[in-house]
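Letter by letter, the chains look like this.
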Amino acid sequence: MKAFQPKVLALGLAAAFCAGAAFAQVNVTVDASKPGAVIDKDVYGQFAEHLGTGIYGGLWVGPDSKIPNTKGWRNDVVGALKDMHVPLVRWPGGCFADEYHWREGIGPRNKRPVKVNTNWGGVPENNAVGTHEFFDLVEMLGADAYVNGNLGTGTPQEAAEWIEYMTSEGKSTLAELRAKNGHPAPFKVAYFAIGNESWGCGGNMRPEYYADLYRQWNTFLKAPQHLRPKMIASGGTGDDTAWTDILSRDLKGRTDGISFHYYTLPTGKWEVKGAATGFPESEWFSTMSQTLRMEDFVRKNVAILDKNDPEKKIGFDVDEWGTWYDVEKGTNPGFLFQRNTIRDAVVAALNFNIFHAHADRVRMTNIAQMVNVLQAMIITDNEKMLLTPTYHAFKMYVPFQGATSLPVSLSNNTTYGSNGQGVPGISASAAKAKDGKTYVALVNTNPHEATDVVLNVAGQNVGAVRGQLLTADAMDAHNTFEHKDAVKPVPFSATASGGKLTIKVPAKSVLVVAVEG
Ligand code: AHR
């Protein structure tokens, strides 16, 4: 967490919000003949931290629970996440990672030490979920593992031994211990991060000092060549590009990615962030505007990487992003529980479109967080579970995982907002998916007005489009345990007429369609 202060837009009265070009037709042109970078599946990564009920209760209930589970993990939640094709899970934090000692989370669960979760609510942490349990989860999900190491309070020896414990295939005491604890074969660690938010909760360091520590640690983090995780350096946040600049120069040849964190706060202020529901339209607008700052952050950092790393060896990995609102009244403020509305689905889709446009550098991201925390996919309450609008947005975008990005240009776009403070009305992205089809994603940021989009795909005949639409009547429409399907995708199709395909994109909506000839 860091008290960065994004510029807050001075907004006029709600009446000032309008579509800049009412009744206009927006032209969206996709060039199927100029394929770009592949959108890594890991751009759709998730994050599960030891925070609130993000793991305990929301995902993990333990093998003795009455809630149906497999090896302690809830069947309902795991099943829904599998349906969403989660490709990657980051664990155990976040800020928690820099106080996590892996040896406390192995061996018989009833013998593991109980600690205080000092970052998140001061609640007891009984270490029931440790390395083996985490790998059980990712295995059930069919996902890859992103393990975040403890630079803040750990040592290079501790981290080196954790990596040896997870990956060693030879005869070693740690490999034998792993086998004794139930896993003879090595675990596959796709990514390993050296620290988290080292500028803040991870140690309040300067980038130069962090770079030196990274070099030292990285020297000793050894694994068999074919099992070596991609090593991730903990980078910057918001409009601070110094971390990317210094790390990409100092860690050349030593890192596979530099992380970046940016949270969307409606007000742009940490003290009063804005409510998750019941918010005014000015906060719908400012949320759109704040989240679209991601484009600028990515562009600036990528420009630095292009200068310092023209060979493109280093990824720009946004391993924490999403909305962060004021916590729900009556909940533990340290648990970061918030409701999730159609606004969150629109935010998610806007960020996907930004990540796709920079697919050559943005190779992995992790939304914060998977269950019950911040912009969650799933919300639980004891045995109850619901899917959020953000879950549906992720699922609708599954065809983009591993797809080849295609250039998209927009002309005559509408503007939502006023007085030169508007945001683009339509955001678009396109890709050739692994199933051979061209997919187009369209997002309408205007909460009142539908927009007509004329779709052209250069190099391909467009006879029709077919897919799914996610929208709602109210700006804060959300699912509840009583009305679990209040916000859910519905089938959508449109057919060309007179050689022209016009799509009416409803207000506040996310639309993903496949193009048919
Ligand atoms: O996602 C919640 C917290 O936000 C993470 O623990 C930390 O890295 C960030 O400040």
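Residues numbered from 1 in each chain as written. Predicted model: local features only at pLDDT ≥ 70, side-chain atom pairs only at ≥ 80, totals over all residues. Heavy atoms only, no water.

### A short note on the packing of aromatic side chains
By the definition in use, this model includes 28 aromatic pairs. With centroids separated by 4.7 Å and ring planes inclined at 50°, the aromatic side chains of Tyr44 and Phe352 adopt a geometry described as tilted. Within this pair, whereas Tyr44 is found in the loop between β2 (25-31) and β3 (45-47), its partner Phe352 is found in helix α9 (residues 342-357), the two being separated by 308 residues in sequence. The class for Phe352 is buried, based on a relative accessible area of 0%. Pairing Tyr146 with Tyr191 gives two aromatic rings, centres 5.6 Å apart and planes at 55°, and the pair type is tilted. Of this pair, Tyr146 sits in strand β9 (residues 144-149) while Tyr191 sits in strand β10 (residues 189-194), and the two are 45 residues apart along the sequence. (Phe/Tyr/Trp six-rings, centres within 6.5 Å; stacked < 30°, edge-to-face > 60°. Helix = DSSP H or I, 4+ residues; strand = E, 2+ residues; numbered from the N terminus. Buried < 20%, exposed > 50% of the residue type's maximum accessible area, 1.4 Å probe, protein only.)

### Examining the state of the cysteines
Under the counting rule described, the total for this entry stands at one disulfide. Two residues, Cys95 and Cys201, share a disulfide whose sulfurs are 2.3 Å apart. Disulfide Cys95 to Cys201: torsion about the S-S bond roughly -90°, handedness left-handed. Taken together, the residues Cys95 in the loop between β6 (88-91) and β7 (115-116) and Cys201 in the loop between β10 and α5 (207-220) connect sequence positions 106 residues apart. Classification of Cys201 as partly exposed rests on a relative accessible area of 27%. (Disulfide = S-S within 2.5 Å.)

### A look at α9
With 16 residues, α9 extends 23 Å from end C-alpha to end C-alpha; this agrees with the ideal 22 Å at 1.5 Å per step. With 15 of its 16 residues buried, α9 lies for the most part within the structure. Between a side-chain oxygen at the N-terminus of α9 and the backbone nitrogen of Arg343 the separation is 3.0 Å; the capping residue is Thr341. (Expected span 1.5 Å × (residues − 1). Polar contact = N/O pair within 3.5 Å; in protein donor to acceptor, adjacent residues only side chain to side chain.)

### A few points about the pairing of strand β12 (residues 257-264)
The element β12 is largely enclosed, with a buried count of eight among its eight residues. Bridge count between β12 and strand β13 (residues 315-323): seven bridges; the pairing is parallel. Bridging from a neighbouring strand, Ile258 pairs with Phe316 of β13. (Pairing = 2+ DSSP bridges.)

### Some points on the environment of Asp83
Along the polypeptide, Asp83 turns up in helix α1 (residues 75-83). Discounting residues that sit within four places of it in the chain, Asp83 has contacts with Tyr391 and Lys395. (Contact = heavy atoms within 4.5 Å.)

### Notes on the pattern of salt bridges
Scanning all chains against the criterion turns up 26 salt bridges. The partner of Glu176 in a salt bridge is Lys171, with the nearest N and O atoms 2.6 Å apart. In this structure Lys171 comes out as exposed when scored by relative accessible area, which is 77%. For Asp306, the salt bridge goes to Lys312, with nearest N and O atoms at 3.4 Å. The exposure class of Asp306 is partly exposed, given its relative accessible area of 34%. Salt bridges sharing partners connect three or more residues here, namely Asp306, Asp309, Lys312, Asp360 and Arg361. (Salt bridge = Lys/Arg side-chain N within 4 Å of Asp/Glu carboxyl O.)

### Regarding the domain arrangement of the protein chain
Here the protein chain is partitioned into domain 1 (39-401) and domain 2 (408-516). Taking only C-alpha atoms into account, the centre of domain 1 sits 29 Å from that of domain 2. The interface of domain 1 with domain 2 comprises 38 residues on the first partner and 43 residues on the second. Taking both partners together, domain 1 and domain 2 bury about 3000 Å²; carbon and sulfur atoms supply 74% of that area. (Domains from an automatic or database assignment. Buried area = accessible area lost by both parts, 1.4 Å probe.)

### Things to note about unusual backbone geometry
With the exception of glycine, the majority of residues adopt a negative phi angle, and the majority of peptide bonds are in the trans configuration. With an omega of 5°, the peptide bond running from Trp91 to Pro92 counts as cis. Here Pro92 is to be found in the loop between β6 and β7. Here the bond from Gly93 into Gly94 is cis, since omega is 15°, no more than 30 degrees from zero. With phi around 50°, Leu336 is a residue other than glycine that occupies positive phi space.

### Quick word on the pairing of strand β24 (residues 464-470)
Here six bridges tie β24 to strand β25 (residues 490-495), and the two strands are oriented antiparallel to one another. Across the sheet, Val465 pairs through a bridge with Ala494, a residue of β25. Looking at chain direction, β24 and strand β27 (residues 509-516) are connected through seven bridges and run antiparallel. Bridging across to β27, Leu470 finds its partner in Val510.

### A closer look at the side chain of Asp344
You can see Asp344 is positioned in helix α9. At 5.0 Å, Arg343 is the nearest oppositely charged side chain to Asp344, a buried residue that forms no salt bridge. In terms of polar contacts, Asp344 uses its side chain to reach the side chain of Thr323, at 2.7 Å. Each residue touching Asp344, except ones within four places of it in the same chain, is listed here: Thr323, Tyr325, Arg339, Gln375 and Thr390. (Lys, Arg positive; Asp, Glu negative; His and termini not counted.)

### Considerations on the nonpolar core
Across soluble globular proteins, nonpolar side chains show a tendency to be buried alongside one another. Phe192 and Tyr397 are the most contacted members of the largest nonpolar core, which totals 123 residues. Of all the elements, α9 adds the most residues to this core, at ten residues. Within the second largest apolar cluster, 23 residues are counted, among which are Val440, Val453, Val462 and Leu501. (Core = buried A, V, L, I, M, F, W, Y, C linked by side-chain atoms within 4.5 Å.)

### Let's talk about the sheet that holds strand β23 (residues 451-458)
If you trace the four strands from one edge of the open sheet to the other, you get β18-β2-β23-β26, paired in mixed fashion. One side of each edge strand has no neighbouring strand; the edge strands of this open sheet are β18 (408-411) and β26 (501-505). In this sheet, adjacent strand axes meet at a mean angle of 25° when their direction is disregarded. Relative to β18, β2 runs antiparallel, the two being bridged by four bridges. Bridging from a neighbouring strand, Val28 pairs with Leu410 of β18. (Axes fitted to C-alpha atoms, helices over the stretch in contact; angles between N-to-C directions.)

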